[in-house]
Amino acid sequence: MTYENLLVEVKDRIIFLTINRPKALNALNVQTLTEIRHFFSAGYQDHDDFHGVILTGAGDRAFVAGADIKEFLAVAEDGNGETMAQRGHEIFFLIERFHRPVIALVNGFALGGGCELAMACHLRVATENASFGQPEVNLGIIPGYGGTQRLNQYIGKGKATELILTGDRIDAQEAHRLGLVNYVLPQEEAREKAVELLRVIGSKGPIAIQQSIRAINAYYDGKEGYAAEAAAFGAVTKTEDFREGASAFVEKRIANFRGK
Ligand code: HXC
């Protein structure tokens, strides 16, 4: 498969995977998600000759600013929000269960689906300008790519609930304090840190690494939460509030929610 929105660069046994839609702040449209699915399944699943993957966003503003809101309105027309969430879950599970470590190098906005993508990776290294949040409520929807599940896992129920219900953004230092990211560093150093982590991990027994990932994931493997999230996402995408929220974003105005 030829990728339109992903750049793949292999250097010293490390794969740099860059989401390359900088004009849209690397928002995840269907094409990009299809390419991510391909990379983590057909593309590199059977390869063993690399230490791991560093996943980042093109440009210096964003890791990923979320699912592509401009495509969202089509979801409202089709009424297939639950399927959209389920497809995202499957793709993000491929990352979480990948046989080599995947590090998110979070180099700017990691919002909505972008924060969820970073959380599906095994480790997160943030640059100082990175910020994180689940702003879906501003659009009249909820996180749908695992955010209601994984944010709890990293930062606990209380703070996760606050961030999801307020849609507030936090900076990289706060994300570090809460345990959402492993390191916060200036841009070049962040990249070097991610490389160093993969070199250290790459020097260990690959089977031990793979089995560690599998065992860590097993602790969280109950699927009910993800199914509940997908069903809830499906429900909110059927509301007028969702049309209003997504339209307001596209039209660059404040949404007027009416609870319908
Ligand atoms: C589509 C997006 C986008 C997105 C930004 N852009 N985020 N396009 N989807 N998620 C586009 C803008 O429309 C704009 O395009 C360009 O990128 C630059 O963005 P600006 O808004 O002009 O930049 P700025 O004023 O600096 O604000 C940056 C920002 C803001 C704070 C990140 O763009 C923003 O709030 N984005 C949306 C974040 C969000 O709500 N994410 C969650 C999405 S829902 P033009 O053409 O005008 O230049 C989600 C659900 C996942 O992720 C689950 C699904 C199942």
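Treat the numbers as computed from the prediction; the structure is a model and nothing was measured.

This paragraph deals with the sheet that holds strand β8 (residues 131-133). As summarised here, the arrangement of the four strands in space is β4-β6-β8-β9, forming an open sheet in which the pairing is mixed. In this open sheet, the two strands that pair with only one neighbour each are β4 (62-64) and β9 (169-171). Across the sheet, the mean angle from the axis of one strand to that of its neighbour is 20°, orientation sign disregarded. Pairing of β8 with β9, which is carried by three bridges, proceeds in the antiparallel orientation. Bridging across to β9, F132 finds its partner in I170.

A few words on the packing of helix α3 (residues 81-96) against helix α10 (residues 224-236). Relative placement of two packed helices is described by the angle separating their axes and the distance separating the axes. In the contact formed by α3 and α10, the axes pass within 7 Å of each other and the chain directions differ by 145°. Handedness of the crossing formed by α3 with α10: right-handed. Counted together, G81, E82, M84, A85, Q86, H89 and F93 of α3 and Y226, E229, A230, A231, F233 and G234 of α10 form the full contact between these two elements. Grouping the constituent residues of the contact of α3 with α10 by class yields seven nonpolar, four polar and two charged.

As a structural note, the neighbourhood of the ligand is formed by 27 residues, with R61, A65, A67, G113 and K252 the closest of them. Between a nitrogen atom of the ligand and a main-chain N or O atom of I69, the distance comes to 2.9 Å. Burial of the ligand by the surrounding chains reaches 76%, relative to a free accessible area of 1000 Å². Residue assignment for the shell around the ligand shows that the elements contributing at least two residues are α2 (69-78), β6 (109-111) and α4 (113-120). Broken down by element, the residue count for the shell around the ligand peaks at three residues, all from α2.

This part is about the domain arrangement of the protein. Size of an interface: often given as the accessible area lost when the parts come together. Looking at the assigned domains, one finds that the protein contains domain 1 (6-202) and domain 2 (206-250). Using C-alpha coordinates to define each centre, domain 1 is positioned 13 Å away from domain 2. At the junction of the two partners, domain 1 supplies 38 residues and domain 2 supplies 28 residues. When domain 1 packs against domain 2, the two sides together hide about 2700 Å² of surface, and 68% of this comes from carbon and sulfur. One can count one salt bridge joining domain 1 with domain 2. Among the ionic pairs, R97 bridges to D221, the shortest N-O distance being 3.8 Å.

Counted residue by residue, strand β3 (residues 52-57) has six buried out of six residues, so it is predominantly covered. On β3, burial covers both faces: G52, I54 and T56 on one face and V53, L55 and G57 on the other are all buried. As defined by bridge partners, strand β2 (residues 14-19) adjoins β3 across six bridges and the pair is classed as parallel. Paired with L17 across the bridge in β3 is L55. Here β3 pairs with strand β5 (residues 102-106) via three bridges, running parallel. Following the sheet pairing, L55 is matched in β5 by A104.

With four of five residues buried, strand β7 (residues 123-127) lies mostly within the body of the structure. In terms of strand pairing, β5 meets β7 through four bridges, oriented parallel. Within β7, the residue paired with V106 across the bridge is A126.

Turning next to helix α9 (residues 206-218). With 13 residues, α9 should reach 18 Å at 1.5 Å per residue; the first-to-last C-alpha distance of 18 Å fits that figure. Among the residues of α9, those classed as buried are I209, I213 and N217. Seen from one end, α9 has its buried residues packed into an arc of 65°, which puts them on one side. Projecting away from the buried face of α9 at angles above 90 degrees are the exposed residues I207 and A215.

The contact between helix α5 (residues 147-155) and helix α6 (residues 157-166) brings their axes to 7 Å, and the two run at 135°. Considered as vectors, α5 and α6 are oriented oblique to each other. As for the relative orientation of α5 and α6, their crossing is right-handed in sense. Counted together, G147, T148, L151, N152 and I155 of α5 and K157, K159, A160, L163 and I164 of α6 form the full contact between these two elements. When its residues are assigned to classes, the contact of α5 with α6 shows five nonpolar, three polar and two charged.

Rules and cut-offs
Residues numbered from 1 in each chain as written. Predicted model: local features only at pLDDT ≥ 70, side-chain atom pairs only at ≥ 80, totals over all residues. Heavy atoms only, no water. Pairing = 2+ DSSP bridges. Helix = DSSP H or I, 4+ residues; strand = E, 2+ residues; numbered from the N terminus. Axes fitted to C-alpha atoms, helices over the stretch in contact; angles between N-to-C directions. Left-handed = near helix turned anticlockwise from the far one by under 90°. Contact = heavy atoms within 4.5 Å. Nonpolar A, V, L, I, M, F, W, Y, C, P; charged D, E, K, R; others polar. Near = heavy atom within 4 Å. Polar contact = N/O pair within 3.5 Å; in protein donor to acceptor, adjacent residues only side chain to side chain. Areas by Shrake-Rupley, 256 points an atom, 1.4 Å probe, with all protein chains shown as cover. Domains from an automatic or database assignment. Buried area = accessible area lost by both parts, 1.4 Å probe. Salt bridge = Lys/Arg side-chain N within 4 Å of Asp/Glu carboxyl O. Buried < 20%, exposed > 50% of the residue type's maximum accessible area, 1.4 Å probe, protein only. Expected span 1.5 Å × (residues − 1). Arc of directions from axis to C-beta. Parallel < 35°, antiparallel > 145°, perpendicular 65-115°, else oblique.

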